[in-house]
Amino acid sequence: MDRVKGKVALITGAGTGVGRACMELFAREGARVVGVSRTQANLDETLAAVTAAGGEGIVVSADLSVPAGAQKAVDAALATYGRVDILVNSAGVGYNHLSSSPDSMNDIVGTSPEKWHEVMAINLDSGFYMCRLVVPLMQKQGGGSIVNVTSISGLQGLPGAHTYTAAKGAMINLTRSMCVAYAKDNIRANCIAPGFIATRMVADFLPLFDDEKVADSITPMRRAGTPEEMAYGCLYLASDEAGYCNGTVLVIDGGTTARQ
């Protein structure tokens with residue numbers, strides 16, 4: 001308990017999935033949490049869970065794919081708590097985005113420039129917009145911790161979803177570059193690289209785990225990971241316990257990439 005006690009954690013993508021799990025866990029561990037996503041109803045559910053467990057936080061509905069949305073989120077955190085000690089960038093879309101944006105998870109030949117920019121804006125630009133605002137705050141404060149939620153798809157090739165994989169790969173190297181640039185300012189930048197996680201992002205694929213052979217072909221553990229398991233990885237990297245972790249890519253994938 002209390003691994004991030006007294007700190008202010010700004011968490012994007014907090015309406016669902018890994019971001020929601022991070023907001024709930026960080027609050028239980030003593031942080032004051034600021035949750036951000038597009039959908040107010042989802043954020044309200046997350047905040048209700050936080051407060052029911054005795055945690056403290058606020059939520060902000062904002063579109064982080066544009067600079068104004070990131071500014072709104074950071075301004076709200078500063079207006080309420082006066083600082084940002086931890087930034088968790090978990091906002092993003094995956095295969096679930098196909099329901100509202102057909103052809104957004106295609107290979108490069110089947111991806112239009114419009115779809116490329118759309119997915120990049122959500123999965124990569126949002127992290128850039130947040131970091132460029134938060135890093136100067138952390139420099140003035142004397143330090144901080146940034147954790148980016150990426151994917152093992154940023155470490156390996158896929159036959160499709162080329163915009164998604166490019167964004168995740170870019171976020172991994174952006175994380176490493178921030179480590180090199182800002183370690184002198186006592187700012188640590190790390191990321192987790194989840195494998196197949198049981199969230200709405202991949203809900204249509206979860207029945208694959210009902211077949212033992214198929215499940216084994218996906219991951220040696222033969223099950224999807226949980227958002228809570230990813231949140232614990234983020235908590236570790238954000239906490240002082242990980243004080244010598246900087247530029248780390250923490251793979252949490254049930255052994256999927258161990259076969260490569």
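Residues numbered from 1 in each chain as written. Predicted model: local features only at pLDDT ≥ 70, side-chain atom pairs only at ≥ 80, totals over all residues. Heavy atoms only, no water.

**Some details on the packing of aromatic side chains**
Geometrically, a pair of aromatic rings is defined through the distance of the ring centres and the angle of the planes. Formally: When the centres of two rings from Phe, Tyr and Trp lie within 6.5 Å, Trp using its six-membered ring, the rings pair. Their planes under 30 degrees apart give stacked, over 60 give edge-to-face, and anything left gives tilted. Helix numbering and strand numbering both begin at the N terminus, where a helix is a DSSP run of H or I of at least 4 residues and a strand a DSSP run of E of at least 2. In this scheme, a residue with accessible area under 20% of its type's maximum is buried, one over 50% is exposed, and one in between is partly exposed, where area comes from a 1.4 Å probe on protein chains only.
Applying the stated criterion to the full structure yields two aromatic pairs. Plain terms: the ring middles of F128 and Y129 are 5.4 Å apart, the flat faces sit at 50° to each other, and that makes the pair tilted. Ring centres of F196 and F209 lie 5.0 Å apart, and the angle between their planes is 75°; this geometry places the pair in the edge-to-face category. Here the residue F196 occupies a position in the loop between strand 6 (187–194) and helix 6 (212–218), and F209 occupies one in the loop between strand 6 and helix 6, the gap between them amounting to 13 residues. Under the relative-accessibility criterion, F196 is labelled partly exposed at 22%.

**A short note on the packing of helix 1 (residues 17–28) against helix 2 (residues 40–52)**
We count it as follows: Lines fitted to C-alpha atoms define the axes here, with helix axes fitted over just the stretch in contact, and angles between the N-to-C directions of these axes take values from 0 to 180 degrees. What sets the label is the angle itself: under 35 degrees gives roughly parallel, over 145 gives roughly antiparallel, 65 to 115 gives roughly perpendicular, and the rest give oblique. Crossing handedness is defined as follows: a turn of the near helix away from the far one that is anticlockwise and smaller than a right angle gives a left-handed crossing, while the clockwise case is right-handed. Should any heavy atoms of two residues lie within 4.5 Å, those residues are counted as being in contact.
Put simply, helix 1 and helix 2 touch, their axes get as near as 9 Å, and they point 25° apart. Judged by the angle between their axes, helix 1 and helix 2 are roughly parallel. Here the hand of the crossing between helix 1 and helix 2 comes out right-handed. Only N42, E45, T46, L47, A49 and V50 of helix 2 make contact with helix 1, whose side of the interface consists of R20, M23, E24 and A27.

**Some words on helix 2**
Note the following rule: One less than the number of residues in a helix, times 1.5 Å, gives the span that helix is expected to have. Picture the helix axis, draw a direction to every C-beta atom, and the arc is the one those directions span.
With 13 residues, helix 2 ought to run about 18 Å at 1.5 Å a step, and its terminal C-alpha atoms sit 18 Å apart, in line with that. The set of residues buried in helix 2 consists of N42, L43, T46, L47 and V50. Buried residues of helix 2 fall within an arc of 130° about the axis and therefore sit on the same side.

**Notes on the pattern of salt bridges**
Between side chains of opposite charge, a pair can form when the charged atoms approach closely. Selection rule: What makes a salt bridge here is a side-chain nitrogen of Lys or Arg within 4 Å of a carboxyl oxygen of Asp or Glu, nothing more.
Applying the stated rule across the entire model yields ten salt bridges. R38 serves as the salt-bridge partner of D63, at 3.3 Å between the closest nitrogen and oxygen. Of this pair, D63 sits in the loop between strand 3 (56–61) and helix 3 (67–81) while R38 sits in the loop between strand 2 (32–37) and helix 2, and the two are 25 residues apart along the sequence. Judged by relative accessible area, which is 48%, R38 ranks as partly exposed. Among the charged side chains, a salt-bridge network with shared partners connects E212, D216, R222 and R259.

**So, unusual backbone geometry**
Although it is not a glycine, A161 adopts a positive phi angle of roughly 55°. With respect to the element layout, A161 can be found in the loop between strand 5 (144–149) and helix 5 (162–182). On the basis of relative accessible area, A161 is assigned to the buried category, the value being 0%. Although it is not a glycine, N186 sits at a positive phi angle of roughly 65°. Take N186: it is sitting in the loop between helix 5 and strand 6.

**What to know about the sheet that holds strand 1 (residues 8–12)**
Stated precisely, the cut-off is as follows: Two strands are counted as paired when DSSP detects at least two bridges linking them.
If you trace the seven strands from one edge of the open sheet to the other, you get 3-2-1-4-5-6-7, paired in parallel fashion. The two strands at the open ends of the sheet, each matched to only one other strand, are strand 3 and strand 7 (249–252). Strand-to-strand, the axes of this sheet are offset by a mean angle of 15°, without reference to chain direction. Two elements, strand 1 and strand 4 (residues 86–89), share three bridges in a ladder whose sense is parallel.

**Topic: the packing of helix 3 against helix 4 (residues 113–141)**
Note the following rule: Under the scheme applied here, ten amino acids are nonpolar (Ala, Val, Leu, Ile, Met, Phe, Trp, Tyr, Cys and Pro), four are charged (Asp, Glu, Lys and Arg), and all others, including Gly, are polar.
The geometry of helix 3 relative to helix 4 is characterised by a closest axis approach of 8 Å and an angle of 35° between their N-to-C directions. Note on packing geometry: the crossing formed by helix 3 with helix 4 is right-handed. Between helix 3, through P67, A70, Q71, A73, V74 and L78, and helix 4, the contact on the second element is made entirely by Y129, M130, L133, V134 and L137. Tallied by class, the residues present in the contact of helix 3 with helix 4 amount to ten nonpolar, one polar and no charged.

**Looking at the pairing of strand 5**
Keep this limit in mind: Here is how to tell: hold the view so the strands point away, follow the path from the first strand over the helix to the second, and if it runs clockwise the crossover is right-handed.
Buried residues dominate strand 5, accounting for six of its six residues. Residues of strand 5 alternate between two faces, with G144, I146 and N148 on one and S145, V147 and V149 on the opposite face, all of them buried. This β-α-β element, strand 4 to helix 4 to strand 5, shows right-handed connectivity. Judged from the six bridges that link them, strand 5 and strand 6 form a sheet pairing that is parallel. Considered in strand 6, the bridge of G144 is made with I187.

**Some details on the pairing of strand 1**
Within a regular beta strand, the side chains point alternately toward one face of the sheet and then the other, so they alternate between its two faces. Of all five residues in strand 1, five are buried, a share of seventy percent or more. Covered by surrounding structure in strand 1 are V8, L10 and T12 together with A9 and I11, the residues of both alternating faces. Pairing of strand 1 with strand 2 involves five bridges; the strand directions are parallel. Paired with I11 across the strands is G35, a residue of strand 2. A crossover links strand 1 with its parallel partner strand 2, the connecting element being helix 1, and its sense is right-handed.

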